[in-house]
Amino acid sequence: MKKSIFYTVMTIVLMATSCMKHSGNIGGPVHNREYVMTLANDSPFHTMWYIPEHGDKGCDFAGELPDQKPNENLLISLDPKTSFDVYVTNDGVESPLETYHPEDKVVIYVFDPEVFSMEDWENIKADGKWLEKFSLTVKDVAEADKIVRFKR
Amino acid sequence: MHRFKTIALCILLMLSCAPLFSKSQSKVDLRYAFGSTIDLQFGYSVMPYSVEGEARNAYGASSGSVFQMRYTYFFGRHFGAFASYSFDQGSAPYENYFGIVNRADGRLYKYEESYYQNPMRYFANSFFVGVAYRYDFGRWSLRPRVGIGVTNFDMSAFCYSTYSRQDETPVSYHSYSIISDRKDYMKSGSSVPDLNCLAGYAGVQMTYSPASHFFLSFEVSAKCFDNRKLDFQHTVKQYKPAYNPSNWSEALVYYDLRDSVIPDDSSAKTVSSRLPYAIFNASVGIGWNLGWNRNVSRHNHR
């Protein structure tokens, strides 16, 4: 009887600790709407964030801005002192983050909305008219507590 | 170590009490030792086992305690019959067990227990009937016995992991399970670790009677049992990374698992072997000569 109680208690403890540690299905696909990271606009300005898709480009060039100006719907608009939690979905629509290989660096651009809207795309690219350009590995983001901060 | 101290203390206590009982007794043959006798014994239980490693077979022993109750009826001066119950239990301490495994593996790895169960933990409830012989000299009596009976044998499953000696990275996961296929309605491979099996017993008891009815005893004995219906399965799985992310998002979501490993089921290799099938005992105890004693009565009438 005592042995059975002991086994039961230990099983519950092991299961509980296992769930706490992994919080996901090991080896399976990312769950629907799995939290990835937070983009935080700690500046007093309105900002727009853009992550290029990897596509067929080589990994070293994946973070480069595309030839055509991206649709504004693809950018994340953040008011001053606000943040946006990035989730990845498993509904068949790939987010830019999902097109990068695990060891790649992901490039995140932060634009001034006015510059992004008004300026010629070629000029933006040529003159580097962005507020910030993050080039991050998974390790960088994880060690920053999964928060990417833009400060001014 | 504590077990040895307890047994030594018992022996010391009994020996120290012996003179008290013997003071009032004359040095005569053991008249009361004929007829019915019961005795209780407690002692040391040892179950030898072997480990088949990567380099060789190595041998060790689980150890624990045994408790035994026995009734013996001596028909005459020398021969009698007995019925007994005994309970053996024991296990191998982690360090001792992994010392044996280490020797069997050729000192290739480091080891870590994976669960809360000590390795080679065994339980054996045994019932025996058999014949007894006695040879008395003074207050001492030598009593060999042989018997046959049933043992309910039970062994616990256990598992452990091996690690590289150089950098202590996980190498493989080992699990031992005891499987029975004796029930056709149980799914194959389900663990039914206990078994009632035919068993044999042989032992020699030495008794010393400081009083007519009471005696002290020391016994060495062996039990063996036919537990071949239980399959002792040793499964080895190699470790693999807990998670192989296919993209950047997954790598970030499961970043905490980057150094984790899990047993790879596809690499599992299972080897069956024979369970340990013998237990050796060394016990001390006390006993009483009871009941009607036809030999003494006959003697008194002469």
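Nothing here was measured: the structure is a model prediction, and the numbers come from that model. (Residues numbered from 1 in each chain as written. Chains lettered and ligands numbered in written order. Predicted model: local features only at pLDDT ≥ 70, side-chain atom pairs only at ≥ 80, totals over all residues. Heavy atoms only, no water.)

Trainee: Quick question: what am I supposed to make of the overall build of chain B here?
Mentor: Scanning chain B from N- to C-terminus turns up four helices and 15 strands. Taken across its 302 residues, chain B has 47% of its residues classed as buried. Of the roughly 15,500 Å² of accessible surface on chain B, a fraction of 59% belongs to carbon and sulfur atoms. (Helix = DSSP H or I, 4+ residues; strand = E, 2+ residues; numbered from the N terminus. Buried < 20%, exposed > 50% of the residue type's maximum accessible area, 1.4 Å probe, protein only. Areas by Shrake-Rupley, 256 points an atom, 1.4 Å probe, with all protein chains shown as cover.)

Trainee: What exactly am I supposed to notice about the pairing of strand E10 (residues 194-208) of chain B here?
Mentor: Both faces of the sheet carry side chains from a regular strand, because those side chains alternate between them. Residues and elements named next belong to chain B. As paired elements, strand E7 (residues 140-155) and E10 share 15 bridges and run antiparallel to each other. The partner of Leu-142 across the bridge, within E10, is Met-206. Taken together, the ten bridges between E10 and strand E11 (residues 214-225) define a ladder with antiparallel strand orientation. For Tyr-201, the partnering residue across the bridge sits in E11 and is Lys-223. Connecting E10 to the next strand, E11, in antiparallel fashion are five residues. (Pairing = 2+ DSSP bridges.)

Trainee: I tried to follow the side chain of Asn227(B) on my own but got confused; where do I start?
Mentor: Residue and element names in this part refer to chain B. With respect to the secondary-structure elements, Asn-227 resides in the loop between E11 and strand E12 (230-241). Of the polar contacts made by the side chain of Asn-227, one reaches the side chain of Arg-274; its length is 3.4 Å. Setting aside chain neighbours within four positions, we find Asn-227 in contact with Phe-153, Leu-195, Cys-197, Arg-274, Leu-275, Pro-276 and Tyr-277. (Polar contact = N/O pair within 3.5 Å; in protein donor to acceptor, adjacent residues only side chain to side chain. Contact = heavy atoms within 4.5 Å.)

Trainee: Could you clarify how one ought to interpret the environment of Cys159(B) in this entry?
Mentor: Residue and element names in this part refer to chain B. When you line up the elements, Cys-159 lands in strand E8 (residues 158-164). We classify Cys-159 as buried; its relative accessible area is 8%. C-alpha of Cys-159 to C-alpha of Glu-113: the two residues are 46 residues apart in sequence and 6.6 Å apart in space. Excluding its chain neighbours within four sequence positions, the residues that come into contact with Cys-159 are Glu-113, Ser-114, Tyr-115, Tyr-173, His-174 and Ser-175.

Trainee: Can you walk me through the pattern of salt bridges in this structure?
Mentor: Oppositely charged side chains may form a pair once their charged atoms are brought near each other. Scanning all chains against the criterion turns up 13 salt bridges over all chains. In this structure, the salt-bridge partner of Asp226(B) is Arg228(B), at a minimum N-O distance of 2.8 Å. With its nearest N and O atoms 2.9 Å apart, the salt bridge here joins Lys237(B) to Asp265(B). Of this pair, Lys237(B) sits in strand E12 while Asp265(B) sits in the loop between strand E13 (261-263) and strand E14 (269-273); the two residues are 28 residues apart in sequence, bridging distant segments of the chain. Through salt bridges with shared partners, a single ionic network connects Glu119(A), Asp127(A) and Lys129(A). (Salt bridge = Lys/Arg side-chain N within 4 Å of Asp/Glu carboxyl O.)

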